[in-house]
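# Chain and residue survey
Residue strings, one per chain:
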Protein chains: 2
Amino acid sequence: MKALESSILEIGVRARAASRELAKLSSAKKSEILQAMASGLVAETDALLRANAQDVARAEGLNKAAIDRLRLTPERIAGMAKGIRQVADLKDPVGEILREWTQPSGIQITKIRTPIGVIGIIYESRPNVTSDAAVLCLKTGNAVILRGGSEAISSNLAIASALQTGGAKAGLPEHSVQLVPTTDREAVRILAQMDEFLDVIIPRGGHSLIENVVSHARMPVIKHYHGVCHVYVDKRANLDMALDIALNAKCQRPGVCNAMETLLVHREIAPAFLARVAPAFQKYPVEMRADPEAFQLLADLGYEPLGPADETSWRTEYLDLILSVRVVGSLEEAVAHMETYGSHHSDAIVTEDADVAAQFLREVDSATVYWNASTRFTDGGEFGFGAEIGISTDKLHARGPMGLEELTSYKYLIRGTGQVR
Amino acid sequence: MKALESSILEIGVRARAASRELAKLSSAKKSEILQAMASGLVAETDALLRANAQDVARAEGLNKAAIDRLRLTPERIAGMAKGIRQVADLKDPVGEILREWTQPSGIQITKIRTPIGVIGIIYESRPNVTSDAAVLCLKTGNAVILRGGSEAISSNLAIASALQTGGAKAGLPEHSVQLVPTTDREAVRILAQMDEFLDVIIPRGGHSLIENVVSHARMPVIKHYHGVCHVYVDKRANLDMALDIALNAKCQRPGVCNAMETLLVHREIAPAFLARVAPAFQKYPVEMRADPEAFQLLADLGYEPLGPADETSWRTEYLDLILSVRVVGSLEEAVAHMETYGSHHSDAIVTEDADVAAQFLREVDSATVYWNASTRFTDGGEFGFGAEIGISTDKLHARGPMGLEELTSYKYLIRGTGQVR
């Protein structure tokens, strides 16, 4: 325990030192380093496959889908390298002048983007996240401390090592990419309390991982939390459009955070709209959990599978072909439902009424609010960010899709000619 | 304890409800409300003075200066009201369009400033902070939960009540301004864990208050922490200018966070500069704590009061007429000193060499870095922000002086014509 603590503190001390060197690198130099990291990854393909085989051998208890997610292949390694080269070509936000002005005192103030410093990423997903997360942090001049899931520990260590070694050939400072080499859960608590060496933690994973970080963290945490997303079909909706959007938001990829979990339908068009959407959902089939009014309408249509919705349904992120359905009497009722039960991630209205849409966009307090488009567009790629480190459900520093800019801080440069107060 | 917890949770529930109403108000309406709050404060002058007399009567143990800070007078109440009217006239940042673009998919994305929601302010200073902090939060459409120091509890309650009652006459939503009506320290822990109802906590006070918040908080904390600020006098400094800046940074108001605590002097000009600055400091007198090299030079000059500096000196925020002094051999040594011992608040270089200045501005990782100006300009007023809620020593969300913009979040509005993925 004491040994674990001091070994993780040592990682922090090294990361802080690396971050100071990284902050001095030019954009061109960082791009060169990223290209070298991509080459390093490919050059180590054999070593990565050997390490990955150890993880796969240990993974007997997992289901086939989980083992497939864990497995590396030469193609997947090449894909990671290609991803790194794409990030290398993106515009570096560091150094951007955000604002510049002169005060009556004569001091000239420049607000300029800087790296954050040291970023901790705690995740429990496939090994490619090790590479994706590390390169986004490095592109923005940050040192990174990675802590991946225990099932991929050998692969993650091999990837981090290949990135650091490859990058070093082009001048990557030592210890810029470090992976915590233990699967001890206690390591997360130690990281979360190390605010002298870690400027922010980004947890990417399930509820218990996020709770473990939030309850211990002394530094800012940017959470990628629940997506309980809604589509509200207004009484003045174009029902063809509403059908397209509802189907897309629920069915195109139900396992992601920006998929719809609850459909709200205005009472006036509920019979007509449910008669349209129910058969389309039934083909998948989407299991619906409905409030009494919607339940009656759907039962009359002969819709199955169908169950009653309760308080829990409205708060549930199914991440599956299951949908909560509710009939509401007004925009206000729809907004109140979202405020009460939603997760403030992505919420949409379908309507032809511009005034109603404007009220919806103004009053719904979610990271992304939509008028006549699917909630599935909440995504760094769809926003044109070029890269995405996650989707923040927090309101400070970063909200919604997080690209490179969200991995930066800023400072003020003051130039004077001897001014005093 | 259980009763305390539920009463504070109730404050949180009410604040969240108020925040939803506040977010709907126009800028003009908010200005009207702030004017009504100013009038309400003045109208309640007698009640405020009576409440304040209770605090003053309880304050017998405090020193004269502390009692003076605690005391309200009709003039001070008028001053608070004037401050509110000034904030009412500032530009409201909420609703500002930060960026607007259209993606190839056809969706139109608008990034727009919003209120944060509910802001907690925990402070231990004079009662006018109750009014100052509340109005800045309201101007930006946020509900506020205030928790002031126990010595001013009666005054703070009276001020919060006068603001809420006065504002209500112009339409301020109920419970927009709430003060925690207990001096129980446990209340801070309960607030800090209430992340469902509080979006951010801003602690303003000493080390133990900030530590109490940071160690318990589940939501983002924006700290207003130490200011261990440096002035580095380079070998190519204009010594007249360096003298002005050093005197101003140390002596003009030594008790504030942007005052200089450590003077670093390049070896080549140390004898000449210390011979200039020492007699000027001696007049105050400034007590110097010097490294061996500076100590010898100052002792040769007959400077007193003088003591040796140690590791603790370099980390100390004196907030007094005391100064640590060190001779360094290079810019790199000066920067390394700041990185090792500083608090990343405000650091200055005095030099005529533009290249050295550029390197300093680039490499020193502090909220505000200065070339040829006093560190004392790190201030919302001097930055032209019109108002200041504090000076952040954090790197996420807000860094350096915090004005109205730093009390806002943002969201994305997406307008489509039926787009799906």
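Just so we're clear, the structure is a prediction, and the values are computed from it rather than from any experiment.

Moving on, we come to the packing of helix α2 (residues 27-43) of chain B against helix α7 (residues 153-168) of chain B. All names here are of chain B. Where α2 contacts α7, the axes come no closer than 7 Å and their chain directions differ by 130 degrees. As the angle between them shows, α2 and α7 are arranged oblique. Handedness of the crossing formed by α2 with α7: right-handed. Residues Ile33, Ala36, Met37, Ser39, Gly40, Leu41 and Ala43 of α2 form the contact with α7, whose own contacting residues are Ala162, Leu163, Thr165, Gly166 and Gly167. Here the residues of the contact of α2 with α7 sort into seven nonpolar, five polar and no charged.

The subject of this paragraph is the interface of chain A and chain B. With 56 residues of chain A at the interface, the matching set in chain B holds 56 residues. Listing elements by their share of the side of chain A that touches chain B, those giving two or more residues are α9 (207-216), α10 (239-251), α15 (354-363), β13 (368-373) and β16 (408-419) of chain A. At eleven residues, β16 of chain A tops the list of elements feeding residues into the side of chain A that touches chain B. Classifying every residue of the side of chain A that touches chain B gives 23 nonpolar, 18 polar and 15 charged.

When the domains of chain A are assigned, the result is domain 1 (2-223 + 402-415) and domain 2 (229-377). Each of domain 1 of chain A and domain 2 of chain A was reduced to a C-alpha centroid, and the two centroids are 37 Å apart.

The subject of this paragraph is the relation of the copies chain A and chain B. Here the second copy of the chain follows from the first by a rotation about an axis and a shift along it. In the superposition of chain A on chain B (RMSD 0.0 Å, axial shift 0.0 Å), the rotation amounts to 180 degrees. Both chain copies can therefore be described as sitting about a two-fold axis. Of the C-alpha atoms belonging to chain A, the one lying closest to the rotation axis is found on His397 of chain A, 1.9 Å away. Both copies present the same face, since 100% of the interface residues in chain A are matched by interface residues at the equivalent positions in chain B.

Residue and element names in this part refer to chain A. Here helix α1 (residues 2-22) crosses helix α8 (residues 186-193) at 50 degrees, and the two axes come no closer than 10 Å. Relative to α8, the element α1 is oriented oblique. Read as a crossing pair, α1 and α8 show a hand that is right-handed. For the pair α1 and α8, contact is made by Leu4, Glu5 and Ile8 and by Glu186, Ala187, Ile190 and Leu191, respectively. A breakdown of the residues in the contact of α1 with α8 according to their chemical character gives five nonpolar, no polar and two charged.

Calculation notes
Residues numbered from 1 in each chain as written. Chains lettered and ligands numbered in written order. Predicted model: local features only at pLDDT ≥ 70, side-chain atom pairs only at ≥ 80, totals over all residues. Axes fitted to C-alpha atoms, helices over the stretch in contact; angles between N-to-C directions. Helix = DSSP H or I, 4+ residues; strand = E, 2+ residues; numbered from the N terminus. Parallel < 35°, antiparallel > 145°, perpendicular 65-115°, else oblique. Left-handed = near helix turned anticlockwise from the far one by under 90°. Contact = placed C-beta atoms within 7 Å. Nonpolar A, V, L, I, M, F, W, Y, C, P; charged D, E, K, R; others polar. Domains from an automatic or database assignment. Least-squares fit on C-alpha atoms with pLDDT ≥ 70 in both.

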